[in-house]
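# Overview (structure and organization)
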Amino acid sequence: MNRARSVPRLLLAACVACGGVFALLYFNAFADCVQSGCGTFLLPYNVPDHFIYATVIDGLDDIAWWLPIASNHGVGVLYGQLLLPLAGVTSDGLIGFSFVVNMSVYAATLWLYVRLAQKLFSNTRSVVFLAFYPPFLFFSALINKDIFLTFLLLAIAWCLMERRYGWLALVTSLLALVRVQYCVLPLLSWVLVHGRFARRFVLLYVVTSLGAALLTRFSSVFDVVGANASSGITDLIYALNRNYLVGSLLLNPLRAIQYPLSLAQGWTLVFNAEGIDLMKLTEGLTFFWFVGTAPGVYRFMRRSKRSPWSYEERVLRAMICAFALILLLTSITEPRYLMALYPLLLLAAVRSLRLSPRRARRRHPAPITSPATDAVRRDVSPTPMATGNEIRCAASTAS
C-alpha cells in the first residue's frame, strides 16, 4: 500500500474510533434519561427537537409531506420515508437508530473533509480538530439536523470544486430537507465564484438584506416571539425591518460580530438554578475552536491581489461568505446555527498556513551567499561542453 495514502486512512480511522467512543459514552450516559430527566444535568435542547421529529414521523400518514419541510422539520420526513423503512426499524427503536445514523454521518463528514484537505493542501492532520469538535458530541445523540447540515456543506464545496453539477442538484435537494433557506447556498456560492468577488458580494449583501426585511414585513417567517424575543439588537433589527426595511441592511455587520461572542456567552450560562446546561457548555467550548481558526481565516480572506486565487480557493471563500449571508437573513442570533460553518473555516485557516510567505521561506530557505562562497561556486562551476558544430568549426580552422 502506498504509504502517503495509508497515513490519511489510518488517521481518519483513529479519529472516527476515538470520536465514536466519546459519543457512545455520551449517548449511554444520557439517552435513558431523555424522558425521565437527568438529575443535575440539563440535556442540550435537541431533546425537544427530537420529540418534534418523532411526532412528525408518527403523523406522516395524516399530513402533506411538504408541510414538515416548509417548517424546517424535513429531517423527520427523511427518517420516516427513507431511513427507517430501509433499516426496518420501528419508532420504538428511534433513539438508538438515530445514534447509528448520526455516527455514520459523522464518519462521512470526516472522510469528506480529508478529501477536500487533500485537494487544497497535502497535509490532512487538521482532521483531528474536526474529529474532536465539541458540537459533534452533542450532535451524536437523538435526531437533529445539525450533523446533516455540516456534512452537506462539505458536500456542496466538493461538488463545486469538482464541477459535479448533477451531484450538486442532489445535495441541494437533500439540503431542503434539513433547512429550506440553505437551498440558495449553491446559487450564491456559484455567483461569488465567478466575476469580481467584492462587487458581487456587496450586491448579494444588499439583495439578501432587503429580502429579509421584506419577509419580516409581509410574512411571519422571521417573527421574534417567545423564547427568541429579547430587548437588544434582535428586537432593533426586527423593528427596523418591519417599519423601514433597513434593519438587516444597516446592522448585519454588528450581528457578524455578535455570533462568535454569543458562543463565548455560553460560559456565563452553564450553571443555573436547574442544573448544568450541557448545551451552553458545548457553546463555550466551541468558542475556543473558532478562536483558534480566526487568525488563519483572516489571512485567507485578506490575500494580496498579487497572489492569485486558485479555483478551489475561490470556491472555499464563496462558500464561507454565502453561508454568512444566509445566516444573517433572520434577526435572531442563535449560536447553534454558526456551528456548522467550522469545517469550512478550518480548511481556510490551514490553507492560509500553506500560503504564508514565512512558512514558504522555512520550507525552501534561500541559499546562504557570501563573497567567499561565490568565489568557490565560480571555481567549481562546470565548464560548458562544446557542441558538435563548434568542434567541426575548430577543426576546419586549424586545418
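So, a few notes on the structure that sits alongside this text.

### Details of a nonpolar patch on the surface
- A cluster of nonpolar residues, Ile 63, Trp 66 and Leu 67, forms a patch on the protein surface that exposes about 290 Å² of accessible area.
- Mapped onto the elements of the fold, Leu 67 is located in helix α3 (residues 66–70).

### Notes on the side chain of Lys 280
- Tracing the backbone through its elements, the reader meets Lys 280 in helix α14 (residues 278–301).
- Apart from the residues lying within four places of it in its own chain, the contact partners of Lys 280 are Gly 266, Trp 267, Leu 269 and Val 270.

### Let's talk about the nonpolar core
- Formed by 96 residues in total, the largest nonpolar core has its most connected members in Tyr 79, Tyr 113, Phe 148, Leu 316, Leu 344 and Leu 347.
- It is helix α5 (residues 94–120) that contributes the most residues to this core, 14 residues altogether.
- Excluding its chain neighbours within four sequence positions, the residues that come into contact with Leu 316 are Leu 120, Met 161, Phe 300, Leu 344, Leu 347 and Ala 348.

### With respect to helix α15 (residues 311–327)
- Look at α15: 24 Å from first C-alpha to last across 17 residues, which is about the 24 Å you get at 1.5 Å a residue.
- Burial of α15 is extensive: 14 of the 17 residues sit out of reach of the surface.

### Structural notes on the packing of α5 against helix α17 (residues 342–354)
- At a closest axis distance of 11 Å, the pairing of α5 and α17 adopts a crossing angle of 25°. Comparing their axes, α17 and α5 come out roughly parallel. Every pair of crossing elements has a handedness; the one defined by α5 and α17 is right-handed. The segment α5 lies against α17, with Tyr 113, Leu 116, Ala 117 and Leu 120 engaging Pro 343, Leu 346, Leu 347, Val 350 and Arg 351.
- Taken together, the residues of the contact of α5 with α17 sort by class into 8 nonpolar, no polar and 1 charged.

### A few points about the packing of helix α11 (residues 197–218) against helix α12 (residues 233–244)
- α12 packs onto α11 with a crossing angle of 80° between their chain directions and a minimal axis gap of 8 Å. With respect to α12, the element α11 is oriented roughly perpendicular. Side by side, α11 and α12 meet where Ala 213, Thr 216 and Arg 217 of the first sit next to Tyr 238, Asn 241, Arg 242 and Asn 243 of the second.

### Topic: helix α13 (residues 247–265)
- If you look at α13, its biggest bend is around 45°, right at Pro 253.
- Those residues of α13 that fall on the buried side of the exposure criterion are Gly 247, Ser 248, Leu 251, Asn 252, Arg 255, Tyr 259, Ser 262 and Leu 263.
- Close packing links the buried residues of α13 with α11, α12, α14, α15 and α16 (335–338).

### Here's the deal with the pattern of salt bridges
- Under the counting rule described, the total for this entry stands at 6 salt bridges.
- Here the residues in one salt-bridge network are Asp 49, Asp 146, Arg 179 and Arg 336, joined through shared partners.

### Description of unusual backbone geometry
- In the Ramachandran plot, Arg 163 falls in the positive-phi region, its phi being about 60° despite a non-glycine side chain.
- In this fold, Arg 163 is placed in the loop between α8 (146–162) and α9 (165–178).
- A positive phi angle, near 65°, is found at Leu 245, a position not held by glycine.
- Along the polypeptide, Leu 245 turns up in the loop between α12 and α13.

Quick notes on the rules
- Residues numbered from 1 in each chain as written.
- Predicted model: local features only at pLDDT ≥ 70, side-chain atom pairs only at ≥ 80, totals over all residues.
- Heavy atoms only, no water.
- Patch = residues over 30% accessible without salt bridge, like charges linked within 9 Å, V, L, I, M, F, W, Y side chains within 5 Å.
- Areas by Shrake-Rupley, 256 points an atom, 1.4 Å probe, with all protein chains shown as cover.
- Salt bridge = Lys/Arg side-chain N within 4 Å of Asp/Glu carboxyl O.
- Helix = DSSP H or I, 4+ residues; strand = E, 2+ residues; numbered from the N terminus.
- Contact = heavy atoms within 4.5 Å.
- Core = buried A, V, L, I, M, F, W, Y, C linked by side-chain atoms within 4.5 Å.
- Buried < 20%, exposed > 50% of the residue type's maximum accessible area, 1.4 Å probe, protein only.
- Expected span 1.5 Å × (residues − 1).
- Axes fitted to C-alpha atoms, helices over the stretch in contact; angles between N-to-C directions.
- Parallel < 35°, antiparallel > 145°, perpendicular 65-115°, else oblique.
- Left-handed = near helix turned anticlockwise from the far one by under 90°.
- Nonpolar A, V, L, I, M, F, W, Y, C, P; charged D, E, K, R; others polar.
- Bend = angle between axes of the 7 residues up to and from the residue.

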